[in-house]
Amino acid sequence: MGNSGKTKTEESKPSIPVPIVVGAIVVVLGLGAWAFLDYWARKHPPAPPVLTAEAKQYVRNLRLSDVEMKATESYMKQRVVEITGKIANSGERPVNVVEINCVFRDAYGQVVLRERVAVVGRRTGGLAPADKKSFRLAFDNIPESWNQALPDLVIAQLVFG
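Residues numbered from 1 in each chain as written. Predicted model: local features only at pLDDT ≥ 70, side-chain atom pairs only at ≥ 80, totals over all residues. Heavy atoms only, no water.

1. A short note on the layout of surface pockets
Counted only if it meets this: Each cavity reported here is a set of points on a 1 Å grid over the protein atoms alone in which a 1.4 Å probe fits but cannot get out, each pocket an open set with protein on both sides within 12 Å along at least five of seven lines, and each lining residue one with an atom within 4 Å of a point. Grid points are joined across faces, edges and corners, and a volume is the space filled by probe spheres set on the points. Helix and strand definitions follow DSSP, with helices as H or I runs of at least four residues and strands as E runs of at least two, each counted in order from the N terminus.
By volume, the largest pocket is sized at about 210 Å³. Along its surface, the largest pocket is lined by 13 residues, and Ala118, Arg123, Thr124, Arg136 and Leu137 are the ones closest to its centre. Of all the secondary-structure elements, those providing two or more residues to the lining of the largest pocket are β4 (111–120) and β5 (132–139). When residues in the lining of the largest pocket are grouped by element, the largest group, five residues, is from β5.

Below, the structure written as C-alpha cells:
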C-alpha cells in the first residue's frame, strides 16, 4: 500500500555530485581566462623602456669602438652573423645596463629587422667609469633581403648603477 508508483531502480538514478560539476566549471573558466590573457599578452607586448632625459644626456659618454661583423655557419648549417666590439664609459657614473637597437636594412634602406640586445647587463656585469668591456652579439634570424652591411647600432636603454 504506500507505493507511490516508483520502482526501486527509478529511485537510485546515478547522478554527478554537485562539487564535481562546480569544480569542472571552475577549471574550464580558469583555462579560458588563462588562454585569453596569454593571447592578449602576445598581441600587446609591453613597450620597451625608453631613454630618460638624464640617460640621453649621458649617452655621449658611452663609446662603441672596434666594431666588426662576420658571418659563420652554425653546426646546424644555419648562418650566424656576429657583431663584436667594445663599449667604453668615459663619464663619471657607473652603468648597470646598456641596450642597443641593431637595425638591419635592405638594399633600399628599408628596415628588415630591428632587434634590441644588451651589451652591458646582468650577464656581463656593469660598466664602471673609465672602464671598457668587449661585447659579442649573435644573430641567426636576419632576413635574406638584408643588405649585408653593418647594422645601425643605437643606444636604446641606459640604467645607472
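Following the structure, the description resumes.
2. Considerations on the sheet that holds β5
We count it as follows: Pairing between two strands requires that DSSP report at least two bridges joining them. The axes used here are C-alpha line fits, helices contributing only the stretch in contact, and every angle between their N-to-C directions lies in the interval 0 to 180 degrees.
Across the sheet, three strands lie side by side as β1-β2-β5; this open sheet has antiparallel pairing. In this open sheet, the two edge strands, each paired with only one partner strand, are β1 (62–73) and β5. Neighbouring strand axes in the sheet, compared pairwise and without regard to direction, differ in orientation by 15° on average. Bridge count for β1 against strand β2 (residues 79–89) is ten bridges, and the pairing is antiparallel. Bridge pairing links Glu68 to Thr84 in β2.

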